[in-house]
Every structure is written in C-alpha cells, then in structure tokens.
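Analysis of the macromolecular model
The lines below spell out each chain.
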Amino acid sequence: MGNILNNSINWLKKSSANIVSIGRIFFVFIAVYLIVTHDTTQSFFVTKQVAKEAGVAYYWAFVCTILAFALDGLDGYLARKFNASSKLGATLDIMGDRIAEYSYWILFAVMGWISIIFPLIAIIRGVVVDGIRSVAASYGYTAFGAKSMQDDPIAKFICCSKFMRIWYAVAKVGAFMLIILYNVPSMDHDVSVFWQVFAYIFTEMAILLCVLRGLPVVYESKKFFKDAAEETSDKVEESVNQ
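This one's a predicted model, so the numbers in the text were calculated from it and none came from an experiment.

Let us now look at the side chain of Asp97. Note that Asp97 resides in helix H3 (residues 87-110). Within the structure, the side chain of Asp97 is placed 2.4 Å from the side chain of Arg24, a separation counted as a polar contact. Dropping the residues within four chain positions of it, Asp97 is found in contact with Arg24 and Asp72.

Further remarks concern the packing of aromatic side chains. Given two aromatic rings, their pairing is described by the distance between the two centres and the angle made by the two planes. Evaluation of the coordinates by the stated rule reveals 15 aromatic pairs. Feature note: the residues Tyr58, Phe69, Tyr104, Trp105, Phe108, Trp113, Phe118 and Phe176 constitute an aromatic cluster, connected by ring pairs.

Between H3 and helix H4 (residues 117-138), the shortest axis-to-axis distance is 8 Å and the interhelical angle comes to 160 degrees. Considering their axes alone, H3 and H4 lie roughly antiparallel with respect to each other. Helix-helix and strand crossings are classified by hand; for H3 and H4 the assignment is left-handed. Counting all contacts with H3, which are made through Ile94, Arg98, Glu101, Tyr102, Trp105, Ile106 and Ala109, the residues of H4 involved are Phe118, Pro119, Ala122, Ile123, Arg125, Gly126, Val127, Asp130 and Arg133. Residues that form the contact of H3 with H4 fall into these classes: 10 nonpolar, one polar and five charged.

With 85% of its residues at a pLDDT of at least 70, the protein reaches an overall mean of 84. Predicted confidence in the protein is weakest over helix H8 (residues 222-241), with a mean pLDDT of 60, and strongest over helix H7 (residues 189-220), with 94.

Between its terminal C-alpha atoms H3 stretches 34 Å, which fits the 34 Å expected from 24 residues at 1.5 Å a residue. Residue Gly112 follows H3 closely and has a positive phi angle near 85 degrees.

Where helix H5 (residues 153-160) contacts H7, the axes come no closer than 8 Å and their chain directions differ by 135 degrees. The angle between H5 and H7 places the two elements in the oblique class. Where H5 crosses over H7, the handedness of that crossing is left-handed. For the pair formed by H5 and H7, the contact residues are Ala155, Ile158 and Cys159 on the first element and Leu212, Arg213, Pro216, Val217 and Glu220 on the second. Classifying every residue of the contact of H5 with H7 gives six nonpolar, no polar and two charged.

Residues Ile35, Tyr104, Trp105, Phe108 and Trp113 are the most contacted members of the largest nonpolar core, which totals 41 residues. Broken down by secondary-structure element, the contributors of at least two residues to this core are helix H1 (2-37), helix H2 (48-81), H3, H4, helix H6 (162-182) and H7. Top contributing element to this core by residue count: H6, with 11 residues. When sequence neighbours within four positions are dropped, the list of residues in contact with Phe108 reads Trp113, Ile114, Phe176, Ile179 and Ile180.

The next thing to look at is H2. Over its 34 residues, H2 extends 49 Å from the first C-alpha to the last, a length consistent with the 50 Å expected when each residue adds 1.5 Å. The first or second residue beyond H2 is Asn83, which carries a positive phi of 50 degrees.

Let us look at the pattern of salt bridges. All told, the structure shown has five salt bridges when counted by the stated rule. Put simply, Asp72 and Arg24 hold a salt bridge, and the shortest N to O gap is 3.4 Å. Of the two residues, Asp72 is situated in helix H2 and Arg24 in helix H1; the sequence distance between them amounts to 48 residues. Between Lys172 and Glu101 there is a salt bridge, and its shortest N-O distance comes to 3.6 Å. You can see Lys172 sitting in helix H6 and its partner Glu101 sitting in helix H3, a full 71 residues away along the chain. On the basis of relative accessible area, Glu101 is assigned to the buried category, the value being 2%. Ionic contacts of the salt-bridge type, sharing partners, join the residues Arg98, Glu101, Asp130 and Lys172 into one network.

Calculation criteria
Residues numbered from 1 in each chain as written. Predicted model: local features only at pLDDT ≥ 70, side-chain atom pairs only at ≥ 80, totals over all residues. Heavy atoms only, no water. Helix = DSSP H or I, 4+ residues; strand = E, 2+ residues; numbered from the N terminus. Polar contact = N/O pair within 3.5 Å; in protein donor to acceptor, adjacent residues only side chain to side chain. Contact = heavy atoms within 4.5 Å. Phe/Tyr/Trp six-rings, centres within 6.5 Å; stacked < 30°, edge-to-face > 60°. Axes fitted to C-alpha atoms, helices over the stretch in contact; angles between N-to-C directions. Parallel < 35°, antiparallel > 145°, perpendicular 65-115°, else oblique. Left-handed = near helix turned anticlockwise from the far one by under 90°. Nonpolar A, V, L, I, M, F, W, Y, C, P; charged D, E, K, R; others polar. pLDDT = per-residue confidence, 0-100. Expected span 1.5 Å × (residues − 1). Core = buried A, V, L, I, M, F, W, Y, C linked by side-chain atoms within 4.5 Å. Buried < 20%, exposed > 50% of the residue type's maximum accessible area, 1.4 Å probe, protein only. Salt bridge = Lys/Arg side-chain N within 4 Å of Asp/Glu carboxyl O.

Have a look at this one:
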C-alpha cells in the first residue's frame, strides 16, 4: 500500500507540469464560451438585466483569462521544482501557448473587436516559426536554452532572453484582458473608452513583438536548409559514384 501511494505521489510530481499545461487550456475555452454565449451586439434591444448578466459573464471570462496565463508560468515552475522537464512537457507548453493565443485572436476578430489582420499575422508567424523550429529540433537544437538555434547575440536576446519573453507575454495577456474588459456590456461608456485606449496600445505592442521575435528565427533558419541541401547533394554524389 505504501509503495502504491509513493508511486502515485511521484507520478503526480512528475506529471504536475503537464497536467497544468493541459488544464489551462480549459480556462481559455471557458472564457471563449462565456463571451460567445453572452454576445449582445447582435440583439436589437438589450434590457438592463440581460446587459448585467452578460457583464457578469464577461468578468468571469476576464478572470479565466488571468488564470489561463498565470498557469502558464506555474507549469514551468513545477517542471523545474520536480526536475520533470521533458520533450513532452516542452511540446505541451508550446501547444498550450498557441491554442490560447490563436483562440483569443480569432475570437476577438469574429466578435468584430479587432481587425482580421491581427489573427492572420499571429497564425502565419506561428506556423512559420514552429515549422522552422521543428527542422532545428531534428539537428538537436531547441527554441530556448543552452541549445538554442539562435547564434547571433542580438537574435538570441530577441528570441530567448527572459526579458523579451516576459515582455511579450505581458503584452499578449494585457491585450487579451483589456479587450475583454472594455467590451463588458454593462460598463459605463467613458470607462470603456478609457480601457479601450490601453487595449489598443497593448494589442499593437503584442503583434509587433510577435513579428519581431519571429524574424531572427526565419533569418537563422538558412543554415539548416543549407545543411539539408548539402546532405542531399552528398547522397546524390555517393549514389552516382556507386
């Protein structure tokens, strides 16, 4: 019985980071659900009661957004604390980031709160960067850390430094939270306009950082494709000589 309990505790410690990575996605989905199901913009007439109920739902979506991104930091902490870092954990972390980011950008565009250009930029950048990093991974490189694919010091600072990663995370979370906040149906108009200004600032900053942090990855990817081309050329030459 004692061994079973100890094994269960050890498994929980080793899996805690991955559980958090997966769990935080549900908070994103709850936030999206609350906003979509309490949309009042398509209604011809909205009573005070309906606006109040929608406002409560939006505030809960706001809270779920905070929790979703707070847990993003918790999974990394748990992985380090219990020495449970793994390729699966890194994959789940990036997957969670992409699901959360794309869900919010697409949601806001569908609701008409932002231009469709914003999710398009975020998704295209994500697909390109993740594709290049998958190639880099086949050569033993990682997105961050000691084995980062970035060689140039400036590129390494933009993509891998703790400062830039935190700044980008704050910009994204700030944008998502503020966009939800200024669209709360029951909020006073003047207060809504006040938060809207900050929402636009954080949104522009988030997209600019999104593109900025992707450019060094694209620039330094040429070494991998050059190596791949040379390997292909060598194989062709060997086959000809044989």
